[in-house]
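This is what each chain is made of:
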Amino acid sequence: MADTRSIAVIGATGAQGGGLVRAILKDPESGFSVRALTRNVNSEKAKALAELGAEVIAADVDDVESLKRAFEGAYGAYCVTFFWEHFSPEKENAQAAGMAQAAKHAGLQHVIWSTLEDTRRWVPLDDDRMPTLMEKYKVPHFDSKGEANHFFTDLGLPVTFLLTSFYWDNFIHFGMGPKKGSDGKLALTLPMDDKKLPGMAAEDIGKCAHGIFKKGGDYIGKTVGVSGEHLTGAEMAAAFSKSLGQQVSYNAVPPQVYRGFGFPGAEDLGNMFQFKRDFQEAFCGARNPEVAKSLNPELKTFDDWLSENKDRIPL
Ligand SMILES: NC(=O)c1ccc[n+]([C@@H]2O[C@H](COP(=O)([O-])OP(=O)(O)OC[C@H]3O[C@@H](n4cnc5c(N)ncnc54)[C@H](OP(=O)(O)O)[C@@H]3O)[C@@H](O)[C@H]2O)c1
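As the structure is a computational prediction, the values presented were derived from the model and not from experiment.

Undergrad: Can you lay out the overall build of the chain for me, pointing to particular residues and giving the numbers?
TA: Looking only at helices and strands, the chain has 15 helices and 13 strands in total. The globule rule puts the C-alpha radius of gyration for 315 residues at 20 Å, and the 19 Å found for the chain is close to it. C-alpha atoms of the chain, sized along the principal axes, occupy 60 × 45 × 35 Å. Per-residue burial for the chain yields a buried fraction of 54% across its 315 residues. Long-range contacts, defined as pairs at least 24 residues apart, comprise 76% of the intrachain contacts of the chain with a sequence gap of at least 6. Looking at the chain as shown, the accessible area adds up to about 13600 Å², and 49% of this sits on carbon and sulfur atoms. Looking at charge distribution, the chain has the averaged site of its 35 positive side-chain charges lying 2 Å from that of its 42 negative ones.

So this is what it looks like as C-alpha coordinates:
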(Lines give C-alpha, C1' and ligand atoms only; values in the text may rest on other atoms or scores of the structure.)
Protein backbone atom coordinates (compact mmCIF):
# COMPACT_ATOMS: atom_id res chain seq x y z
CA MET A 1 0.00 0.00 0.00
CA ALA A 2 1.59 3.22 -1.12
CA ASP A 3 0.16 5.42 1.60
CA THR A 4 0.83 3.31 4.67
CA ARG A 5 3.02 4.92 7.25
CA SER A 6 5.57 2.46 8.50
CA ILE A 7 6.63 2.01 12.08
CA ALA A 8 10.07 0.55 12.75
CA VAL A 9 9.89 -1.71 15.78
CA ILE A 10 12.99 -2.51 17.80
CA GLY A 11 12.75 -5.79 19.72
CA ALA A 12 10.15 -7.04 17.25
CA THR A 13 10.82 -10.69 18.10
CA GLY A 14 10.51 -9.94 21.82
CA ALA A 15 7.72 -9.19 24.27
CA GLN A 16 7.07 -5.47 23.91
CA GLY A 17 7.98 -5.07 20.24
CA GLY A 18 6.25 -8.31 19.28
CA GLY A 19 2.99 -7.10 20.81
CA LEU A 20 3.23 -3.90 18.80
CA VAL A 21 4.03 -5.71 15.54
CA ARG A 22 1.05 -8.03 15.94
CA ALA A 23 -1.24 -5.14 16.92
CA ILE A 24 -0.31 -3.15 13.80
CA LEU A 25 -0.69 -6.16 11.51
CA LYS A 26 -4.12 -6.97 12.97
CA ASP A 27 -5.37 -3.46 12.26
CA PRO A 28 -4.71 -2.61 8.58
CA GLU A 29 -7.43 0.08 8.79
CA SER A 30 -5.12 2.15 11.01
CA GLY A 31 -3.00 2.98 7.96
CA PHE A 32 0.24 1.78 9.52
CA SER A 33 2.59 -0.85 8.20
CA VAL A 34 5.41 -2.37 10.19
CA ARG A 35 9.14 -2.90 9.92
CA ALA A 36 10.22 -5.62 12.31
CA LEU A 37 13.84 -5.11 13.34
CA THR A 38 15.89 -8.14 14.31
CA ARG A 39 19.53 -9.20 14.38
CA ASN A 40 18.63 -12.40 12.58
CA VAL A 41 16.11 -12.22 9.77
CA ASN A 42 16.27 -16.01 9.43
CA SER A 43 15.26 -16.91 12.97
CA GLU A 44 11.99 -18.78 13.49
CA LYS A 45 10.49 -15.77 15.27
CA ALA A 46 11.53 -13.39 12.48
CA LYS A 47 10.12 -15.71 9.83
CA ALA A 48 6.85 -15.97 11.75
CA LEU A 49 6.54 -12.15 11.73
CA ALA A 50 7.24 -12.08 7.97
CA GLU A 51 4.49 -14.65 7.46
CA LEU A 52 2.10 -12.42 9.36
CA GLY A 53 2.92 -9.61 6.91
CA ALA A 54 5.74 -7.65 8.56
CA GLU A 55 8.68 -6.32 6.60
CA VAL A 56 11.60 -7.90 8.45
CA ILE A 57 14.78 -5.81 8.52
CA ALA A 58 18.21 -6.62 9.92
CA ALA A 59 19.43 -4.17 12.55
CA ASP A 60 21.49 -4.28 15.73
CA VAL A 61 20.98 -1.67 18.43
CA ASP A 62 24.75 -1.62 18.98
CA ASP A 63 25.20 -0.47 15.37
CA VAL A 64 23.77 3.03 14.84
CA GLU A 65 24.28 2.87 11.08
CA SER A 66 22.06 -0.21 10.90
CA LEU A 67 19.37 1.66 12.87
CA LYS A 68 19.64 4.64 10.52
CA ARG A 69 19.09 2.35 7.54
CA ALA A 70 16.18 0.62 9.24
CA PHE A 71 14.50 3.94 10.19
CA GLU A 72 15.02 5.66 6.81
CA GLY A 73 11.68 6.69 5.28
CA ALA A 74 9.66 5.39 8.23
CA TYR A 75 6.92 7.39 9.96
CA GLY A 76 7.78 6.32 13.47
CA ALA A 77 9.77 3.98 15.68
CA TYR A 78 9.31 1.99 18.85
CA CYS A 79 12.50 2.10 20.87
CA VAL A 80 13.27 -0.38 23.66
CA THR A 81 16.50 -1.68 25.19
CA PHE A 82 17.31 -5.12 26.56
CA PHE A 83 18.91 -4.79 29.98
CA TRP A 84 18.64 -8.47 30.88
CA GLU A 85 20.74 -9.48 27.84
CA HIS A 86 23.84 -7.73 29.22
CA PHE A 87 23.09 -6.28 32.70
CA SER A 88 24.92 -3.07 31.75
CA PRO A 89 23.26 0.31 32.38
CA GLU A 90 26.04 2.02 30.42
CA LYS A 91 25.38 -0.18 27.41
CA GLU A 92 21.66 0.49 27.68
CA ASN A 93 22.36 4.22 27.78
CA ALA A 94 24.60 4.05 24.70
CA GLN A 95 21.97 2.03 22.82
CA ALA A 96 19.25 4.58 23.65
CA ALA A 97 21.54 7.38 22.47
CA GLY A 98 22.04 5.54 19.18
CA MET A 99 18.29 5.07 18.74
CA ALA A 100 17.69 8.80 19.27
CA GLN A 101 20.44 9.68 16.78
CA ALA A 102 19.01 7.33 14.17
CA ALA A 103 15.50 8.72 14.71
CA LYS A 104 16.80 12.26 14.24
CA HIS A 105 18.73 11.26 11.12
CA ALA A 106 15.60 9.70 9.59
CA GLY A 107 13.41 12.69 10.52
CA LEU A 108 10.82 10.45 12.19
CA GLN A 109 7.46 11.96 13.01
CA HIS A 110 6.79 9.98 16.18
CA VAL A 111 9.10 8.01 18.46
CA ILE A 112 7.99 5.98 21.46
CA TRP A 113 10.75 5.38 24.01
CA SER A 114 10.00 2.55 26.41
CA THR A 115 11.33 3.93 29.64
CA LEU A 116 11.14 3.65 33.41
CA GLU A 117 11.74 5.96 36.36
CA ASP A 118 15.23 7.11 37.30
CA THR A 119 14.73 6.06 40.92
CA ARG A 120 17.59 8.29 42.08
CA ARG A 121 15.11 11.18 41.91
CA TRP A 122 13.36 9.57 44.90
CA VAL A 123 16.29 7.72 46.47
CA PRO A 124 19.54 9.65 46.05
CA LEU A 125 22.74 7.63 46.12
CA ASP A 126 23.52 8.73 49.68
CA ASP A 127 20.16 7.43 50.91
CA ASP A 128 21.08 4.16 52.57
CA ARG A 129 17.61 2.65 52.78
CA MET A 130 18.77 0.51 49.85
CA PRO A 131 22.32 -0.24 48.66
CA THR A 132 23.92 1.64 45.79
CA LEU A 133 24.65 -0.81 42.98
CA MET A 134 27.38 -0.64 40.33
CA GLU A 135 28.65 2.51 42.06
CA LYS A 136 26.05 4.92 40.73
CA TYR A 137 22.64 3.32 40.58
CA LYS A 138 19.87 2.31 42.93
CA VAL A 139 17.81 0.30 40.42
CA PRO A 140 20.22 -0.05 37.48
CA HIS A 141 17.70 -1.24 34.86
CA PHE A 142 15.31 1.58 35.80
CA ASP A 143 17.82 4.37 36.34
CA SER A 144 19.58 3.86 33.02
CA LYS A 145 16.31 4.08 31.10
CA GLY A 146 15.14 7.19 32.92
CA GLU A 147 18.57 8.76 32.54
CA ALA A 148 18.42 8.10 28.79
CA ASN A 149 15.22 10.15 28.31
CA HIS A 150 17.30 13.24 27.67
CA PHE A 151 18.82 11.79 24.50
CA PHE A 152 15.39 12.04 22.89
CA THR A 153 14.51 15.49 24.20
CA ASP A 154 18.01 16.93 23.58
CA LEU A 155 17.57 16.22 19.87
CA GLY A 156 14.10 17.76 19.83
CA LEU A 157 12.47 14.51 18.75
CA PRO A 158 8.68 14.11 18.67
CA VAL A 159 8.79 11.58 21.49
CA THR A 160 6.34 9.85 23.79
CA PHE A 161 7.83 8.42 26.98
CA LEU A 162 6.06 5.14 27.72
CA LEU A 163 6.32 4.01 31.35
CA THR A 164 5.80 0.25 31.34
CA SER A 165 4.80 -2.09 34.18
CA PHE A 166 5.86 -5.45 35.61
CA TYR A 167 4.98 -8.21 33.14
CA TRP A 168 2.73 -10.89 34.62
CA ASP A 169 4.57 -13.07 32.08
CA ASN A 170 7.47 -13.00 34.59
CA PHE A 171 5.46 -15.62 36.48
CA ILE A 172 6.10 -17.92 33.48
CA HIS A 173 9.51 -16.92 32.11
CA PHE A 174 11.40 -15.20 34.90
CA GLY A 175 10.98 -17.75 37.67
CA MET A 176 8.85 -15.36 39.75
CA GLY A 177 5.70 -17.48 39.97
CA PRO A 178 4.42 -19.40 43.02
CA LYS A 179 6.86 -22.02 44.30
CA LYS A 180 6.42 -25.01 46.59
CA GLY A 181 8.01 -24.57 50.00
CA SER A 182 9.45 -27.31 52.20
CA ASP A 183 5.89 -27.86 53.46
CA GLY A 184 4.84 -28.68 49.86
CA LYS A 185 2.54 -25.65 49.75
CA LEU A 186 2.62 -22.98 47.06
CA ALA A 187 3.67 -19.44 47.94
CA LEU A 188 4.18 -16.27 45.93
CA THR A 189 7.29 -14.52 47.23
CA LEU A 190 7.60 -10.76 46.77
CA PRO A 191 9.16 -8.03 48.93
CA MET A 192 6.16 -5.71 48.64
CA ASP A 193 4.52 -5.96 52.10
CA ASP A 194 0.90 -4.94 51.58
CA LYS A 195 1.63 -2.50 48.76
CA LYS A 196 0.28 -2.67 45.23
CA LEU A 197 2.32 -3.76 42.22
CA PRO A 198 1.22 -2.35 38.85
CA GLY A 199 1.31 -5.25 36.40
CA MET A 200 0.15 -6.15 32.92
CA ALA A 201 0.29 -8.74 30.17
CA ALA A 202 3.50 -8.00 28.22
CA GLU A 203 1.51 -8.24 24.97
CA ASP A 204 -0.64 -5.32 26.14
CA ILE A 205 2.35 -2.95 26.21
CA GLY A 206 2.69 -3.20 22.44
CA LYS A 207 -1.06 -2.85 22.02
CA CYS A 208 -0.98 0.36 24.08
CA ALA A 209 1.93 1.63 21.97
CA HIS A 210 -0.17 0.98 18.88
CA GLY A 211 -2.95 3.04 20.47
CA ILE A 212 -0.49 5.88 21.08
CA PHE A 213 0.65 5.89 17.44
CA LYS A 214 -2.99 5.86 16.34
CA LYS A 215 -3.69 9.00 18.37
CA GLY A 216 -1.37 10.96 16.07
CA GLY A 217 0.21 13.89 17.86
CA ASP A 218 -1.87 13.65 21.07
CA TYR A 219 0.89 11.98 23.08
CA ILE A 220 3.92 13.64 21.52
CA GLY A 221 5.97 15.39 24.20
CA LYS A 222 4.11 13.50 26.91
CA THR A 223 4.80 10.70 29.36
CA VAL A 224 2.18 7.98 29.53
CA GLY A 225 2.21 5.15 32.04
CA VAL A 226 0.39 1.90 31.38
CA SER A 227 -0.65 -1.05 33.51
CA GLY A 228 -3.41 -3.63 33.53
CA GLU A 229 -4.14 -3.59 37.27
CA HIS A 230 -2.49 -2.59 40.53
CA LEU A 231 -2.59 -5.57 42.90
CA THR A 232 -1.07 -6.48 46.25
CA GLY A 233 0.84 -9.73 46.70
CA ALA A 234 -2.09 -11.06 48.73
CA GLU A 235 -4.53 -10.18 45.93
CA MET A 236 -2.33 -11.89 43.34
CA ALA A 237 -1.95 -14.97 45.56
CA ALA A 238 -5.75 -15.13 45.94
CA ALA A 239 -6.17 -14.89 42.15
CA PHE A 240 -3.58 -17.67 41.68
CA SER A 241 -5.41 -19.84 44.24
CA LYS A 242 -8.71 -19.41 42.41
CA SER A 243 -7.26 -19.96 38.97
CA LEU A 244 -4.95 -22.89 39.80
CA GLY A 245 -7.48 -24.58 42.07
CA GLN A 246 -4.95 -24.92 44.88
CA GLN A 247 -4.02 -22.69 47.78
CA VAL A 248 -1.29 -20.12 47.07
CA SER A 249 -0.21 -17.97 50.00
CA TYR A 250 1.62 -14.67 49.85
CA ASN A 251 5.12 -14.76 51.32
CA ALA A 252 6.11 -11.13 51.96
CA VAL A 253 9.87 -11.08 52.50
CA PRO A 254 11.91 -7.98 53.37
CA PRO A 255 13.74 -6.45 50.37
CA GLN A 256 17.13 -7.27 51.92
CA VAL A 257 16.17 -10.95 51.96
CA TYR A 258 15.07 -10.77 48.30
CA ARG A 259 18.36 -9.02 47.36
CA GLY A 260 20.20 -11.98 48.88
CA PHE A 261 18.45 -14.66 46.82
CA GLY A 262 21.57 -14.87 44.65
CA PHE A 263 20.12 -15.19 41.16
CA PRO A 264 21.54 -12.79 38.53
CA GLY A 265 19.88 -9.41 39.03
CA ALA A 266 18.50 -10.24 42.53
CA GLU A 267 19.93 -7.04 44.06
CA ASP A 268 18.61 -4.90 41.21
CA LEU A 269 15.14 -6.48 41.53
CA GLY A 270 15.20 -6.30 45.33
CA ASN A 271 15.82 -2.55 45.09
CA MET A 272 13.19 -2.26 42.35
CA PHE A 273 10.47 -3.89 44.47
CA GLN A 274 11.51 -1.81 47.47
CA PHE A 275 11.21 1.35 45.37
CA LYS A 276 7.73 0.29 44.21
CA ARG A 277 6.80 -0.53 47.82
CA ASP A 278 8.15 2.64 49.40
CA PHE A 279 6.89 4.99 46.68
CA GLN A 280 3.62 3.23 45.90
CA GLU A 281 1.67 6.43 45.48
CA ALA A 282 4.03 7.94 42.91
CA PHE A 283 4.66 4.65 41.12
CA CYS A 284 1.03 3.54 40.85
CA GLY A 285 -0.04 7.13 40.21
CA ALA A 286 2.16 7.28 37.13
CA ARG A 287 0.42 4.22 35.61
CA ASN A 288 -3.25 4.42 34.90
CA PRO A 289 -5.17 1.31 33.80
CA GLU A 290 -7.99 3.56 32.53
CA VAL A 291 -5.58 5.34 30.18
CA ALA A 292 -4.16 1.98 29.10
CA LYS A 293 -7.69 0.73 28.40
CA SER A 294 -8.46 3.83 26.32
CA LEU A 295 -5.36 3.07 24.21
CA ASN A 296 -6.01 -0.67 24.11
CA PRO A 297 -9.63 -1.72 24.60
CA GLU A 298 -8.50 -5.38 24.85
CA LEU A 299 -6.42 -4.64 28.00
CA LYS A 300 -6.32 -7.71 30.25
CA THR A 301 -6.93 -7.90 33.97
CA PHE A 302 -4.84 -10.33 36.03
CA ASP A 303 -7.77 -12.79 36.06
CA ASP A 304 -8.02 -12.57 32.25
CA TRP A 305 -4.28 -13.18 31.94
CA LEU A 306 -4.38 -16.10 34.39
CA SER A 307 -7.25 -17.81 32.64
CA GLU A 308 -5.24 -17.79 29.40
CA ASN A 309 -1.86 -18.63 30.91
CA LYS A 310 -2.34 -20.70 34.07
CA ASP A 311 -1.20 -23.91 32.35
CA ARG A 312 2.08 -22.27 31.32
CA ILE A 313 3.15 -21.34 34.85
CA PRO A 314 5.84 -23.74 36.08
CA LEU A 315 4.92 -24.82 39.61
N1 LIG B 1 10.13 -8.12 32.52
C2 LIG B 1 9.44 -7.08 32.97
O3 LIG B 1 8.57 -7.19 33.84
C4 LIG B 1 9.68 -5.73 32.38
C5 LIG B 1 8.80 -4.70 32.71
C6 LIG B 1 9.02 -3.43 32.19
C7 LIG B 1 10.12 -3.21 31.37
N8 LIG B 1 10.98 -4.25 31.08
C9 LIG B 1 12.12 -3.96 30.22
O10 LIG B 1 11.88 -4.53 28.96
C11 LIG B 1 13.11 -4.57 28.27
C12 LIG B 1 13.14 -5.76 27.36
O13 LIG B 1 12.07 -5.74 26.47
P14 LIG B 1 11.34 -7.09 26.05
O15 LIG B 1 10.88 -7.78 27.30
O16 LIG B 1 10.36 -6.77 25.01
O17 LIG B 1 12.56 -7.92 25.49
P18 LIG B 1 12.62 -9.47 25.11
O19 LIG B 1 11.29 -10.10 25.05
O20 LIG B 1 13.66 -10.07 25.97
O21 LIG B 1 13.11 -9.40 23.61
C22 LIG B 1 14.36 -9.15 23.32
C23 LIG B 1 14.42 -9.03 21.81
O24 LIG B 1 15.34 -7.99 21.58
C25 LIG B 1 16.13 -8.27 20.51
N26 LIG B 1 17.51 -7.82 20.76
C27 LIG B 1 18.32 -8.12 21.79
N28 LIG B 1 19.51 -7.54 21.63
C29 LIG B 1 19.45 -6.85 20.47
C30 LIG B 1 20.36 -6.06 19.74
N31 LIG B 1 21.63 -5.88 20.17
N32 LIG B 1 19.95 -5.48 18.60
C33 LIG B 1 18.68 -5.67 18.15
N34 LIG B 1 17.78 -6.43 18.77
C35 LIG B 1 18.17 -7.02 19.92
C36 LIG B 1 16.07 -9.77 20.30
O37 LIG B 1 15.72 -9.94 18.98
P38 LIG B 1 16.60 -10.74 17.90
O39 LIG B 1 17.24 -11.89 18.62
O40 LIG B 1 15.55 -11.14 16.91
O41 LIG B 1 17.59 -9.75 17.37
C42 LIG B 1 14.97 -10.26 21.23
O43 LIG B 1 13.94 -10.98 20.59
C44 LIG B 1 14.19 -4.63 29.34
O45 LIG B 1 15.08 -3.57 29.21
C46 LIG B 1 13.42 -4.58 30.66
O47 LIG B 1 14.07 -3.80 31.63
C48 LIG B 1 10.76 -5.49 31.55
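More follows now that the structure is in view.
Undergrad: Report on unusual backbone geometry, specifying residues and quantitative values.
TA: The backbone of Phe-87 shows a phi angle near 60°, a positive value even though the residue is not glycine. Within the secondary structure layout, Phe-87 lies in the loop between α4 (83-86) and α5 (89-106). At Met-134, a residue that is not glycine, the phi angle is positive and equals roughly 50°.

Undergrad: Quick one: what's the story with the sheet that holds strand β4 (residues 76-79), residue by residue and with numbers?
TA: A sheet is described by the order of its strands in space; here seven strands give the open sequence β3-β2-β1-β4-β5-β6-β11, paired in parallel fashion. For this open sheet the edge positions go to β3 (55-58) and β11 (223-225), each flanked by a neighbour on one side alone. Averaged over all adjacent pairs, the angle separating strand axes in this sheet is 20°, with direction ignored. In this sheet, β3 lies alongside strand β2 (residues 32-38) in parallel orientation, the contact comprising four bridges. Note on β3: the bridge partner recorded for Thr-38 is Ala-58.

About the criteria used
- Residues numbered from 1 in each chain as written.
- Predicted model: local features only at pLDDT ≥ 70, side-chain atom pairs only at ≥ 80, totals over all residues.
- Heavy atoms only, no water.
- Helix = DSSP H or I, 4+ residues; strand = E, 2+ residues; numbered from the N terminus.
- Rg over C-alpha atoms; globule rule 2.2 N^0.38 Å.
- Buried < 20%, exposed > 50% of the residue type's maximum accessible area, 1.4 Å probe, protein only.
- Contact = heavy atoms within 4.5 Å.
- Areas by Shrake-Rupley, 256 points an atom, 1.4 Å probe, with all protein chains shown as cover.
- Lys, Arg positive; Asp, Glu negative; His and termini not counted.
- Charge placed at Lys NZ, Arg CZ, Asp CG, Glu CD.
- Pairing = 2+ DSSP bridges.
- Axes fitted to C-alpha atoms, helices over the stretch in contact; angles between N-to-C directions.

The values reported here are purely geometric and, on their own, carry no functional implication.
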